[in-house]
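Here is how the chains run, residue by residue.
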Amino acid sequence: MIVSLRKWRVDRGAASTQLVLVIPVLLLLAMLIVQFALVWHARHIAQYAAQRALATARAQHGSAADGRAQAARSLVALGSRTLTTPSVAVERTTTQTTVRVRGTVMAVVPGLHLHASGTAAGPTERLTTPDGGHR
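Notes on the structure follow. This one's a predicted model, so the numbers in the text were calculated from it and none came from an experiment.

1. A look at the nonpolar core
Inference 1: Within the largest apolar cluster, 21 residues are counted, with the highest numbers of intra-cluster contacts made by L75, L83, V99, V101 and V105.
Inference 2: Broken down by secondary-structure element, the contributors of at least two residues to this core are helix 2 (14-57), helix 3 (64-79), strand 1 (83-92), strand 2 (96-105) and strand 3 (115-123).
Inference 3: Not counting residues up to four positions away in its chain, the partners in contact with V99 are A50, A53, L54, V88, A89, V90, G118, T119 and A120.

In structure tokens form, the structure reads like this:
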């Protein structure tokens, strides 16, 4: 009986010490999981906005400004809090249109600043004659 009583006194507080060490690690792990889920979601938002902007900008009578406006509308509708400080770059030539959407992902873990981007490219629409010439 004396041996078991002595062991109980030595172990007193061990659970509290373990709890103090394990809980912050578990909370950080949970926050990291949420943070990377937000990065994944923000990438999808950026890609969607880039695809919508491409569809608008590459149209026959479209323009780079039309593409930027469409991307802005898509970003506001989907991810104004998830994808913060977005930037949209639209390059439109007579043959190719490219849209790049970038932004900063909302931070859950303090001090961790992650970015997400999406790119879409395709041929610029134009009328041609059956022999391949321009109209």
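2. Quick word on the sheet that holds strand 1
Inference 1: Spatially, the three strands line up as an open sheet ordered 1-2-3, and their pairing is antiparallel. Edge positions in the sheet fall to strand 1 and strand 3, since each has one partner strand and no second. Taken over all neighbouring pairs, the strand axes of this sheet differ in orientation by 10° on average, direction set aside.

3. Here we look at the environment of Q60
Inference 1: Position of Q60 among the secondary structure elements: in the loop between helix 2 and helix 3.
Inference 2: The exposure class of Q60 is partly exposed, given its relative accessible area of 35%.
Inference 3: Between the alpha carbons of Q60 and T94 there is a distance of 9.7 Å; along the sequence they are 34 residues apart.
Inference 4: Those residues in contact with Q60 that sit more than four places away from it in its chain are R92, E125 and L127.

4. Structural notes on the side chain of T97
Inference 1: Its location among the elements puts T97 in strand 2.
Inference 2: Within polar-contact distance, the side chain of T97 engages the side chain of T124 at 2.6 Å.
Inference 3: When residues no more than four places from it in sequence are discounted, the contact partners of T97 are L54, A57, R58, V90, E91, R92, A120, A121, G122 and T124.

5. Some points on a nonpolar patch on the surface
Inference 1: On the surface, a nonpolar cluster with roughly 780 Å² of combined accessible area is contributed by L19, L21, V22, I23, L26, L27, L29 and I33.
Inference 2: With respect to the secondary-structure elements, L19 resides in helix 2.

6. Re the side chain of T104
Inference 1: Position of T104 relative to the elements: it lies in strand 2.
Inference 2: A distance of 3.3 Å separates a polar atom in the side chain of T104 from a polar atom in the side chain of T85.
Inference 3: Among the polar contacts made by the side chain of T104, one reaches the side chain of H115 at a distance of 3.4 Å.
Inference 4: Excluding anything up to four places from it in sequence, T104 contacts T82, L83, T84, T85, L114 and H115.

7. Comments concerning the pattern of salt bridges
Inference 1: Across all of its chains, the model carries one salt bridge by this definition.
Inference 2: In this structure, R100 and E91 form a salt bridge, with 3.2 Å as the shortest nitrogen-oxygen distance.
Inference 3: Here R100 falls in the partly exposed class, since its relative accessible area comes to 29%.
Inference 4: Owing to a relative accessible area of 46%, E91 belongs among the partly exposed residues under this scheme.

8. A few points about the environment of A57
Inference 1: For A57, the location among the structural elements is in helix 2.
Inference 2: Overall, the relative accessible area of 0% leaves A57 in the buried class.
Inference 3: Each C-alpha atom of the pair A57 and T97 lies 7.2 Å from the other, and the pair is 40 residues apart in sequence.
Inference 4: Those residues in contact with A57 that sit more than four places away from it in its chain are G62, S63, G67, V90, R92 and T97.

What counts and how
- Residues numbered from 1 in each chain as written.
- Predicted model: local features only at pLDDT ≥ 70, side-chain atom pairs only at ≥ 80, totals over all residues.
- Heavy atoms only, no water.
- Core = buried A, V, L, I, M, F, W, Y, C linked by side-chain atoms within 4.5 Å.
- Buried < 20%, exposed > 50% of the residue type's maximum accessible area, 1.4 Å probe, protein only.
- Helix = DSSP H or I, 4+ residues; strand = E, 2+ residues; numbered from the N terminus.
- Contact = heavy atoms within 4.5 Å.
- Pairing = 2+ DSSP bridges.
- Axes fitted to C-alpha atoms, helices over the stretch in contact; angles between N-to-C directions.
- Polar contact = N/O pair within 3.5 Å; in protein donor to acceptor, adjacent residues only side chain to side chain.
- Patch = residues over 30% accessible without salt bridge, like charges linked within 9 Å, V, L, I, M, F, W, Y side chains within 5 Å.
- Areas by Shrake-Rupley, 256 points an atom, 1.4 Å probe, with all protein chains shown as cover.
- Salt bridge = Lys/Arg side-chain N within 4 Å of Asp/Glu carboxyl O.

Read these as geometric descriptors, not functional statements.
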